[in-house]
Amino acid sequence: MDFRKSIGLIGLMGLIGLIGVSHSFAQTAPSAASNVQVVITWQANNYFPAGFEGKSLPAPYAQVVASVELLEDNKLADLSQATVNWFVDDKFQKSGVGLKTFSFYTQQEDSGYVSVRAVIELQGGGGARGSLQIPIVAPTLVLSYAAPSNSVAANSSVTLAAIPFSFNVSSPSDLTFFWTINGAQSNVSGNTVKLQLGAPTPLDRLLQISVSAQNNKNPLEIGKTAAAFPIQ
């Protein structure tokens with residue numbers, strides 16, 4: 001499995017739930033009679049590998065930072081005097097004048113969504129609101145190695161890496177990895193393992209790998225994956 005291809009596939013998944021603005025707009029003062037649009041963006045503060053071009057999705061108990069902007073007649077409005085009210089799953093969380101950024105922690109459920117809503121009260125009267133749903137995912141691993149195909153060569157040295165996504169850690173060193181190679185547990189505890197392969201037997205022409213990772217600070221946070229590679 002090519003590492004860059006693995007990252008690219010997950011990057012497509014990471015685009016789910018993102019609403020963003022990439023243009024520059026002139027600053028204006030918001031008014032009640034304008035055509036307005038509320039735009040919410042977010043970022044999950046959990047681990048994703050360097051070079052990952054997608055968007056890291058939050059796991060349970062992850063911190064999420066949400067930000068809001070108001071487009072008024074296709075221009076970026078000044079919200080410094082507007083009151084912004086934040087809601088998570090329809091429950092009020094925080095309110096403040098000019099409070100364009102707000103952080104919260106996801107709950108324990110995974111494979112679901114968390115709803116974020118911003119209600120803006122304009123200084124001149126009236127208001128605007130916007131909402132989005134953010135996917136909540138279980139921490140996961142991607143098994144990767146540098147090779148032109150999905151097979152491994154006999155009588156060769158093979159290095160495999162378990163790439164973590166969405167764990168509530170700052171680096172892979174905060175995780176303990178458990179490797180199983182062809183049914184036998186390895187004593188390697190890092191996220192890479194190096195193997196020296198011999199010639200395959202007629203009955204065993206597969207390299208079978210399973211690996212799991214456990215958060216050292218939260219033993220209940222675990223991700224795992226497995227793969228089998230033909231030996232050529």
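Preceding this paragraph is the structure being described.
Residues numbered from 1 in each chain as written. Predicted model: local features only at pLDDT ≥ 70, side-chain atom pairs only at ≥ 80, totals over all residues. Heavy atoms only, no water.

1. Regarding the layout of surface pockets
As a volume, the largest pocket reaches approximately 240 Å³. Val88, Asp89, Thr106, Gln107 and Val114 are the residues nearest the centre of the largest pocket, which is lined by 13 residues in total. For the lining of the largest pocket, the secondary structure elements donating two or more residues are β5 (91–97), β6 (101–105) and β7 (112–121). For the lining of the largest pocket, the element with the highest residue contribution is β7, accounting for 3 residues. (1 Å grid on protein atoms, 1.4 Å probe; cavity = no way out; pocket = protein on both sides within 12 Å on 5 of 7 lines; lining within 4 Å. Points joined across faces, edges and corners; volume = space filled by probe spheres on them. Helix = DSSP H or I, 4+ residues; strand = E, 2+ residues; numbered from the N terminus.)

2. Overview of the side chain of Thr106
Considering the arrangement of structural elements, one finds Thr106 in the loop between β6 and β7. Within the structure, Thr106 has its side chain in polar contact with the backbone oxygen of Ala59 (distance 2.7 Å). Here the side chain of Thr106 touches Tyr61 through a polar contact of 2.9 Å, landing on its backbone nitrogen. With residues near it in sequence (within four places) discarded, Thr106 still touches Pro58, Ala59, Pro60, Tyr61, Ala62, Val64 and Ile136. (Polar contact = N/O pair within 3.5 Å; in protein donor to acceptor, adjacent residues only side chain to side chain. Contact = heavy atoms within 4.5 Å.)

3. Here we look at the pairing of strand β8 (residues 127–136)
Each regular strand carries side chains that alternate between the two faces of the sheet. Both β7 and β8 contribute to a ladder of 10 bridges, which runs antiparallel. Paired with Val116 across the two strands is Leu132, which belongs to β8. Hairpin connection between β7 and β8: a loop of 5 residues separates the two successive antiparallel strands, and Gly125 in this loop has a positive phi of roughly 105°. (Pairing = 2+ DSSP bridges.)

4. Here we look at the nonpolar core
The biggest cluster of nonpolar side chains holds 27 residues, and the ones touching the most others in it are Val68, Leu70, Trp86, Phe104, Ile120 and Ile134. Listed by contribution, the elements that provide at least two residues to this core are β1 (36–44), β2 (63–72), β4 (83–88), β6, β7 and β8. Once residues lying within four places of it in the same chain are set aside, the contact partners of Ile134 are Trp42, Pro58, Val64, Phe104, Gly112, Tyr113, Val114 and Val116. One finds Phe167, Leu175, Phe177 and Leu195 within the second-largest nonpolar core, a separate group that totals 24 residues. (Core = buried A, V, L, I, M, F, W, Y, C linked by side-chain atoms within 4.5 Å. Buried < 20%, exposed > 50% of the residue type's maximum accessible area, 1.4 Å probe, protein only.)

5. A word on the pattern of salt bridges
Here the idea is simple: oppositely charged side chains can pair when their charged atoms come close. One pass over the full model with this rule turns up 2 salt bridges. Where Lys100 meets Glu69, a salt bridge forms, and the shortest distance between an N and an O atom there is 3.0 Å. In this pair, Lys100 sits in the loop between β5 and β6 while Glu69 sits in strand β2, placing the two residues 31 residues apart along the sequence. Between Arg117 and Asp90 there is a salt bridge, with its nearest N and O atoms 3.4 Å apart. (Salt bridge = Lys/Arg side-chain N within 4 Å of Asp/Glu carboxyl O.)

6. Structural notes on the sheet that holds strand β15 (residues 222–230)
Strand order across the open sheet formed by 4 strands is β12-β11-β14-β15, with antiparallel pairing between neighbours. This sheet does not close on itself; its edge strands, each paired only once, are β12 (184–185) and β15. Alignment of strand β11 (residues 175–181) against β12, held across 2 bridges, turns out to be antiparallel. Bridge pairing links Thr180 to Gln185 in β12.

7. Things to note about the environment of Ser80
Position of Ser80 among the secondary structure elements: in the loop between β3 (75–76) and β4. Here Ser80 falls in the partly exposed class, since its relative accessible area comes to 37%. Sequence separation between Ser80 and Val97 is 17 residues, and the spatial gap between their C-alpha atoms is 6.7 Å. Not counting residues within four places of it along the chain, the set of residues in contact with Ser80 comprises Val97 and Gly98. A distance of 2.9 Å separates the side chain of Ser80 from the side chain of Asp78, its partner in a polar contact.

8. Some points on the sheet that holds strand β9 (residues 140–144)
An order of β9-β10-β13 is seen for the 3 strands of this open sheet, with the pairing classed as antiparallel. Only two strands of the sheet have a single partner each, and these edge strands are β9 and β13 (192–196). The mean angle between the axes of side-by-side strands here comes to 20°, regardless of whether they run parallel or antiparallel. Sheet topology note: the β9/strand β10 (residues 157–165) ladder contains 5 bridges and is antiparallel. Its bridge partner being in β10, Ser144 is matched across the sheet by Ala161. (Axes fitted to C-alpha atoms, helices over the stretch in contact; angles between N-to-C directions.)

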